[in-house]
Amino acid sequence: MSSKILGLFMLALTPLLLSAQFSTVTETAYLNKINAIANKKLIENNLPNAEIHLAHLVEMQDNITSSQAAYLLHGLSESYHLTGNHVVALQRLLFQRLVFPLDSLDALSVSKFYIYAYEAGFDQAFASELWLQSQQQTDPEKALITLTRLSIRLNQKQLRPYIIQLSEMIRHNNFQIPYWLLQWEYFVKIGMKEKKFFEQLNFEATDNKVNTFQLETIPDISFRKKVYRKSISYYNKQKARAQAKQLLKTYKHEKLNLAEWFDLQIKSLKLIF
Amino acid sequence: MMKQLLLGFMFIMLGSIGLAQDFDLYHRHKDDAVAIPKISNAMLFGEYQLLSRNIRMMDMAYAAIVPGYVHFKAKENKTGWWIVGVRSAAFGGLAYSLIRLGDEGEGLFSNLNQEVSPKTKDAQNIGIASLTVVIGSYLFDWIYGKYTLEKKQEMIRYKYGFKLENDSRLNNEAVFDTKSPGATYPSFYLHFKF
C-alpha cells in the first residue's frame, strides 16, 4: 500500500521536476554515453545543448561545484574531438584546466591534450607551452585572462565565438580588460582576418588605464592605414556615418599614396550618397 | 433498392473525401493548430520544428511540384538545393529535347525500335535521360528525405528521453533523501474537477 501512495506522490511531482533545466550530472552522463558510442551525428546534435548548458554554468558560477563543470567540459572537449573540431576540443580542455581545475582529471587529460594539439596542427613545443601555461591558477582573474590569451594564440577563426564568450565573462566579472583583447575585438569587429592582424597583437602590453581601442596608436603605418580603410568601410556599412566621417577626417592626415588617395575619394563619395 | 443504397453510400464517401483537406489515413484532430504543446526547457526551436513535422500524403504531391521539398522540410537545405539544381537542369534537357523533336514531327517515345535520323535519336536520348533524372530526383527526395527526417527525429527523442529519465531519477533520489539538508518531504493533495 505504501508503495502505491509513494507512486502517487511521484506522479504528482513529476511535471514539476520535468519542467526544470537538465542537471549538469545528466548533461555529463549523456555526453559520456554518446562519446562512448562515438556516433558523430548524435554528438553533433547534442553540441548546442551542451554549449548552452555550459553558458548557464558560467553565468551562475556560485551555484555549482567546480568538479561538475570540469567533467562536463572534459566530455564536451571529447565530443568536439570526435566530430573533427580539434582546435575547439583543445580550447575546451584549456577552459577546463584554467577555469574549473580538477587534479584528478589532469592525469586523464594530458595524453588527450597533446593528441588534440597535434591534430589541430601544432608542434610539440607549442603544445608543451600551452600545457604549462594552463597549469592551475589560484587567482580567477589571472586564469580567465590566461585562457583568453591562449585561445587567441591558437589563431583560428572558428574560435571567435568562444573568445567573445570569454571577453564577456571578463566584463561580467569586472576584471581589467587587457589591451590586446581590445585590439582583437576591434579587428574582428571590422572584419579583418586572423592572419592579417595576429602579428600586430601586443601580448606584452600592460597598460591598465586604457579602456578602448585607439586606432591612431598602431605603430606600423601601413597596417594602421589598412585598419583605417577597413574601419571606414565597416562603419559606412553599418550606417554609422558620423563615426565613419570622423575616421575619414583622421585618415586624411596620413601620408597616402596615389591608390590610397583614390580609395579615399571613393569612400568620401560613398559617405555622401 | 440495393443499387440506390450503394450509390448513396458512394456519394457520402466521395463527398467526405472531396471535403477533406488532406488524404489522411489516420484520424486528425481539428484543433491541431491551436493546441499548445509542452516543450522541454532545453529543446531548441529547430528541434521542435523537426519533431512536429511529418511527411504526409500531400507532401508527396508538393514534392513533385517543388524540387527538394522533402529535404527542405527535413532541414537538409544543402541537399534540397542540389535537387533544385539537378531537376532544373533535367527540365531544361527535357524542354530542349521536346522542342527539337517537335520540329521534326516526332515524339519522345515514338519509333523507338525503328530507324530514325541521328538528330532525332540524340534528342530522344537526351529527353529520356532528362525524364529519368526528373523521376529519379523526385524519388530520391521523397524516400531519402523521409528517411533523413525520421533519423533526425529519432536522435532528438533519444537525447531528451535519456535526459528526462536521468534527471527525473536524480531528482526523485534528492527529493526523498530525508538526510540531506533542505529535503522536500512528500505531501498529498486531492483535486476535484467538475
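Because the structure is predicted, anything quoted here is derived from the model rather than measured.

Draft legend 1. Seen up close, helix α3 (residues 40-59) of chain A. All names here are of chain A. Compared with an ideal rise of 1.5 Å per residue, which puts 20 residues at 28 Å, α3 spans 29 Å between its outermost C-alpha atoms and is within 8% of the ideal. The largest bend in α3 comes to about 35°, at Leu47, with the proline Pro48 one to four residues further on. Restricting attention to buried positions, one finds in α3 the residues Leu42, Ile43, Asn45, Asn46, Leu47, Asn49, Ala50, Glu51, His53, Leu54, Leu57 and Val58. Sitting at the amino-terminal end of α3 is Asn39, which places a side-chain oxygen 3.1 Å from the backbone nitrogen of Lys41.

Draft legend 2. Just the confidence of the model for chain A, in detail. All names here are of chain A. Mean pLDDT for chain A: 83, with 89% of residues reaching 70 or above. The secondary-structure element of chain A with the lowest mean pLDDT is helix α1 (residues 2-18), recorded at 40, while helix α2 (residues 24-37) shows the highest, at 94. Within the model, pLDDT remains below 50 along residues 1-20, and this stretch shows 16 contacts once partners closer than five positions in the same chain are excluded.

Draft legend 3. Expanded view of the side chain of Thr26 of chain A. Turning to its location among the elements, Thr26 of chain A is positioned in helix α2. A residue is classified by how much of its surface remains accessible, and Thr26 of chain A, at 0% relative accessible area, is buried. Within the local environment of Thr26 of chain A, its side chain forms a polar contact with the side chain of Ser23 of chain A, the two groups lying 3.1 Å apart. If near-sequence neighbours (up to four positions away) are discounted, Thr26 of chain A is found in contact with Phe162, Lys163, Asn166, Asp167 and Leu170 of chain B.

Draft legend 4. Looking closely at the nonpolar core. In terms of nonpolar packing, the biggest core is built from 78 residues, with Phe95, Ile152, Leu154, Tyr186, Phe187 and Val227 of chain A touching the most fellow members. A per-element tally of this core places helix α5 (residues 86-99) of chain A first, with nine residues. Counting only domains with at least three residues in this core, you end up with domain 1 (18-136) and domain 2 (221-272) of chain A. Ignoring sequence-local partners within four residues, the contact set of Phe187 of chain A consists of Met192, Phe197, Leu201, Phe213, Ile218, Phe223 and Val227 of chain A. Core analysis: the second largest hydrophobic core is formed by 13 residues, Leu50, Val70, Trp142 and Leu149 of chain B among them.

Draft legend 5. Just the packing of aromatic side chains, in detail. Residues and elements named next belong to chain A. The tally for this structure, following the rule as stated, stands at 24 aromatic pairs over all chains. Look at Tyr179 and Phe213: their rings are 6.2 Å apart centre to centre, the planes differ by 25°, and that puts the pair in the stacked class. Of this pair, Tyr179 sits in helix α10 (residues 179-189) while Phe213 sits in the loop between α11 (194-197) and α12 (221-237), placing them 34 residues apart in sequence. Judged by relative accessible area, which is 12%, Tyr179 ranks as buried. Here the aromatic rings of Phe187 and Phe223 are separated by 5.4 Å at their centres, their planes lie at 80°, and the arrangement is edge-to-face. Here Phe187, found in helix α10, pairs with Phe223, found in helix α12; they are 36 residues apart in sequence, far enough to count as distant. Of the two residues examined, Phe187 and Phe223, each falls in the buried class. Positioned over the ring face of Phe113 is Arg97, at 6.0 Å from the centre of the ring. Note that Arg97 overlies the ring of Trp131, its terminal NZ or CZ placed 3.4 Å from the centroid.

Draft legend 6. Quick peek at a positive patch on the surface. Residues and elements named next belong to chain A. Together, Lys157, Lys193, Lys195, Lys196, Lys226, Lys230 and Lys237 line one region of the surface with positive charge. A per-element tally of the positive patch places α12 first, with three residues. Note on Lys196: relative accessible area 47%, which makes it partly exposed.

Draft legend 7. Expanded view of the pattern of salt bridges. Residue and element names in this part refer to chain A. Per the counting criterion, the structure on display carries eleven salt bridges over all chains. Linking Glu78 and Lys112 is a salt bridge whose minimum nitrogen-to-oxygen distance equals 3.1 Å. Pair noted here: Glu78 is in helix α4 (residues 66-82) and Lys112 is in helix α6 (residues 103-119), with a separation of 34 residues, a long-range link. Residue Glu78 is classed as partly exposed on the basis of its relative accessible area, which comes to 23%. Residue Glu185 is joined to Arg171 by a salt bridge in which the shortest nitrogen-to-oxygen separation is 2.8 Å. Remark: Arg171 occurs in helix α9 (residues 160-172) and Glu185 occurs in helix α10; sequence separation between them is 14 residues. On the basis of relative accessible area, Arg171 is assigned to the partly exposed category, the value being 37%.

Criteria and thresholds
Residues numbered from 1 in each chain as written. Chains lettered and ligands numbered in written order. Predicted model: local features only at pLDDT ≥ 70, side-chain atom pairs only at ≥ 80, totals over all residues. Heavy atoms only, no water. Helix = DSSP H or I, 4+ residues; strand = E, 2+ residues; numbered from the N terminus. Expected span 1.5 Å × (residues − 1). Bend = angle between axes of the 7 residues up to and from the residue. Buried < 20%, exposed > 50% of the residue type's maximum accessible area, 1.4 Å probe, protein only. Polar contact = N/O pair within 3.5 Å; in protein donor to acceptor, adjacent residues only side chain to side chain. pLDDT = per-residue confidence, 0-100. Contact = heavy atoms within 4.5 Å. Core = buried A, V, L, I, M, F, W, Y, C linked by side-chain atoms within 4.5 Å. Domains from an automatic or database assignment. Phe/Tyr/Trp six-rings, centres within 6.5 Å; stacked < 30°, edge-to-face > 60°. Lys NZ or Arg CZ within 6 Å of the ring centre and 35° of its normal. Patch = residues over 30% accessible without salt bridge, like charges linked within 9 Å, V, L, I, M, F, W, Y side chains within 5 Å. Areas by Shrake-Rupley, 256 points an atom, 1.4 Å probe, with all protein chains shown as cover. Salt bridge = Lys/Arg side-chain N within 4 Å of Asp/Glu carboxyl O. Lys, Arg positive; Asp, Glu negative; His and termini not counted. Charge placed at Lys NZ, Arg CZ, Asp CG, Glu CD.

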